[in-house]
Amino acid sequence: MAPDSRAAIEAVWRLESARIVAGLARMVRDVGLAEELAQDALVAALEQWPESGVPANPGAWLMVNARHRAIDRFRRNDRLASRITELAHQAQDRHQASIVNGPADFDAVIDDDRLDDDLLRLIFTACHPALSTESRVALALRVLGGLTTEEIARAFLVPEPTVAQRIVRAKRTLADRRIPFEVPPPAQRAQRLASVLEVVYLIFNEGYVATAGDDWMRPALCHEALRLGRVLAELAPDEPEVHGLVALMEIQSSRTRARVGPDGEPIAILEQNRGRWDQLLIRRGYLALLRAERIGRPVGPYVLQAAIAACHAQARSAHDTDWGRIASLYQTLARLTPTPVVELNRAVAVAMAYGPDRGLDILDALAAEPALRDYHLLPSVRGDLLARVGRTEEARAEFQRAASLTRNARERALLLDRAEACAS
Amino acid sequence: MRFLMTMNGGGPQPDQQLYAEMERFVEELTKAGVLLATGGLDPAGTHIRAADGTVVLTDGPYTEAKETIVSFALIDVRSKAEAIELSRRFWAIVKDGEGDMRQVFGPET
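Residues numbered from 1 in each chain as written. Chains lettered and ligands numbered in written order. Predicted model: local features only at pLDDT ≥ 70, side-chain atom pairs only at ≥ 80, totals over all residues.

Our focus in this paragraph is the confidence of the model for chain A. When pLDDT drops low, the exact placement of atoms in the prediction is not to be read closely. Here chain A averages 89 in pLDDT, and 91% of its residues register 70 or above. Per-residue pLDDT stays below 50 along residues 92-109 of chain A; that stretch engages in 27 contacts with residues further than four places along the chain or on separate chains. (pLDDT = per-residue confidence, 0-100. Contact = placed C-beta atoms within 7 Å.)

Spelled out as structure tokens, the structure:
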């Protein structure tokens, strides 16, 4: 096959597969089966399109092809057939009826509003909390992102069979536990949405921690997560946390070019060249944050983290940073998600806003925290604050301790330099 | 990957139906998380030419509408093939005319 033709089909697949799987899943009530049918349709396209040319509406072609396959399967499988006939009787709409008669009406197949609902159902189902986190992430990338198992494996630095296993297990769990293909009822909505957002942000962070020399699929995860977030924001526009997460990812992405130095070394936010921040993404982040705030519901952790990111984005120089506002946002965040890492960040903001002593007070309370025992940032931050108040001996010990805890060689060198500087 | 899709002037006058179809297409791109920005351009622009530091401005409109960009869309996709596919869909709606597709070096490039 000509490489162009293959690339064109793959592009169609990446653009359309989630909606195709979603539409099919509504029909067969089984995400695993829906994905298989869609894959079979893709194989048919790979066989036929190079000869016949890419059809005018390739998404609809794939959908119709996969639907035919579903109908064939029903005819061969009595159990499924009786289930779908029953469903068709229950359904008032012509779409469900058309399954039994075959998809005669092309427009019905590509009814956009309906596919939007299906896509939202698919997102909630693929990210169901009944699945392990790893399975959710793999299944989401597979059915929502259209990534191949091999691509997911490369992105997460795990063997391909491991990813295949996770996906198989996820599909089986959904089927065995009869997880309904639906948008969760109001009582479960908040918890289920949190599970979806967690998956999206995990994907984003996995890409964000990629380093120079990594496979390009790793940083591509950031883009994939951002795309998923943007899609979700259109499907669930009334959820402040969805916009909050999108805003957070847009603003974090805006710093991509500034956060790594020419030799691949990480550059901390206050040292970044702000001229390299992407203003288009920053503005999109502000807009998403505004959408979240306009809904007028109490803010959640993603909105707060986005608001903190926005504070940095707004400052023309590191010196202009509104640390008082950041400290108060961290305080609110610490009330909602009282984790040691949030406290640590709050200590930094408080120290910047009100002086190192106030920051040290917060850090002292964290000293016994088991979760931070081996976390190099705690002694690193503490060393910095101690140095600023002139407690150089203690500062030096903290920098040395931080250096012994970090796994990053560049960071270790930097910390040892600082320890050295305290001695002189 | 960011791509700037531009459409040149000189195409057929858009009618009500074309506007409606375009609106649907733009909505589709937004829902797909692809569209970053879009807009129409006033054909009566100002041409700027600098030679050895001397700047000369010439007001439009230009004689050749076909050479003037009248609208653009900035999209965010995962591959060049995706950009081509979306471009194909756009031009299937417009039917006649011409334009360009250029990669914009963005945050990840």
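With that settled, the discussion passes to the nonpolar core. Residue and element names in this part refer to chain A. In this structure, Val21, Leu24, Leu122 and Ala306 are the most contacted members of the largest nonpolar core, which totals 127 residues. No other element matches helix H1 (residues 3-28), which puts 14 residues into this core. If near-sequence neighbours (up to four positions away) are discounted, Leu24 is found in contact with Ala34, Leu37, Ala38, Ala66 and Ala70. (Core = buried A, V, L, I, M, F, W, Y, C linked by C-beta atoms within 7 Å. Buried ≥ 20, exposed ≤ 12 C-beta atoms within 10 Å, placed from the backbone. Helix = DSSP H or I, 4+ residues; strand = E, 2+ residues; numbered from the N terminus.)

What follows deals with the sheet that holds strand E1 (residues 2-8) of chain B. All names here are of chain B. The strand order across the open sheet built from four strands is E2-E5-E1-E6, with neighbouring strands paired in antiparallel fashion. Of all strands in the sheet, those bounded by a partner on one side alone are strand E2 (35-40) and strand E6 (99-104). Pairwise comparison of adjacent strand axes, ignoring direction, gives a mean angle of 15° for this sheet. Note: E1 against strand E5 (residues 69-76), seven bridges, orientation antiparallel. Looking at the pairing, Arg2 lines up with Asp76 of E5. (Pairing = 2+ DSSP bridges. Axes fitted to C-alpha atoms, helices over the stretch in contact; angles between N-to-C directions.)

On to the interface of chain A and chain B. At the interface, 21 residues of chain A touch 15 residues of chain B. Mapped onto the side of chain A that touches chain B, the elements with two or more residues apiece are H1, helix H12 (217-235) and helix H14 (279-294) of chain A. Tallying contributions element by element places H1 of chain A first for the side of chain A that touches chain B, with seven residues. Residues of the side of chain A that touches chain B, tallied by class, amount to 10 nonpolar, four polar and seven charged. (Nonpolar A, V, L, I, M, F, W, Y, C, P; charged D, E, K, R; others polar.)

Think of an α-helix as turning once every 3.6 residues; residues three or four places apart then point the same way. Residue and element names in this part refer to chain A. An ideal rise of 1.5 Å per residue puts 21 Å on 15 residues; helix H17 (residues 340-354) measures up with 20 Å between its terminal C-alpha atoms. Every buried residue of H17 is accounted for by Glu343, Leu344, Asn345, Arg346, Ala347, Val348, Ala349, Val350, Ala351 and Met352. Residues of H17 that are buried sit in contact with helix H16 (323-336), helix H18 (356-366) and helix H19 (377-388). Phi for Gly355, located one or two positions after H17, is positive at around 105°. (Expected span 1.5 Å × (residues − 1).)

Residue and element names in this part refer to chain A. Interhelical geometry of helix H2 (residues 31-52) versus helix H3 (residues 58-76) gives an angle of 120° and a closest axis separation of 8 Å. Classed by the angle they form, the pair H2 and H3 counts as oblique. As for how H2 packs across H3, the hand of that crossing is right-handed. Here H2 contributes Leu37, Ala38, Asp40, Ala41, Leu42, Ala44 and Ala45 to the contact with H3, which in turn contributes Leu62, Asn65, Ala66, Arg69 and Ala70. Looking at the contact of H2 with H3, its residues break down into nine nonpolar, one polar and two charged. (Parallel < 35°, antiparallel > 145°, perpendicular 65-115°, else oblique. Left-handed = near helix turned anticlockwise from the far one by under 90°.)

Further remarks concern the environment of Phe156 of chain A. Position of Phe156 of chain A among the secondary structure elements: in helix H9 (residues 149-156). Taking C-alpha positions, Phe156 of chain A is 9.7 Å from Ala210 of chain A, a pair spaced 54 residues apart along the chain.

Right, let's talk about the packing of H9 of chain A against helix H10 (residues 160-176) of chain A for a bit. Residue and element names in this part refer to chain A. As a packed pair, H9 and H10 sit with axes 8 Å apart at the nearest point and diverge in direction by 115°. If you check the angle between H9 and H10, you find them roughly perpendicular. In this structure, H9 crosses over H10, and the sense of that crossing is right-handed. Of the residues in H10, those in contact with Thr149, Glu150, Ile152 and Ala153 of H9 are Glu160, Thr162, Val163, Ala164 and Ile167. A class-by-class count of the residues in the contact of H9 with H10 yields five nonpolar, two polar and two charged.

Before going further, it helps to spend a moment on H9 of chain A. Glu151, Ile152, Ala153, Ala155 and Phe156 of chain A are the residues of H9 of chain A that are buried. Looking at the packing, one finds that the buried side of H9 of chain A touches helix H8 (133-143), H10, helix H11 (186-208) and H12 of chain A.

The next thing to look at is the environment of Leu228 of chain A. All names here are of chain A. Following the sequence through the fold, Leu228 ends up in helix H12. Along the backbone, Leu228 and Arg6 are 222 residues apart, and their C-alpha atoms lie at a distance of 24 Å. Excluding residues that lie within four positions of it along the chain, Leu228 makes contacts with Leu144, Gly145 and Val200.

Moving on to unusual backbone geometry. Its identity is not glycine, yet Arg29 of chain A carries a phi of approximately 55°, on the positive side. In this fold, Arg29 of chain A is placed in the loop between H1 and H2. Not every positive phi belongs to a glycine, and Asp52 of chain B is a case in point at roughly 55°. Looking at the secondary structure, you find Asp52 of chain B in the loop between strand E3 (46-51) and strand E4 (54-59). Under the C-beta neighbour-count criterion, Asp52 of chain B is labelled exposed, with 4 such atoms within 10 Å.

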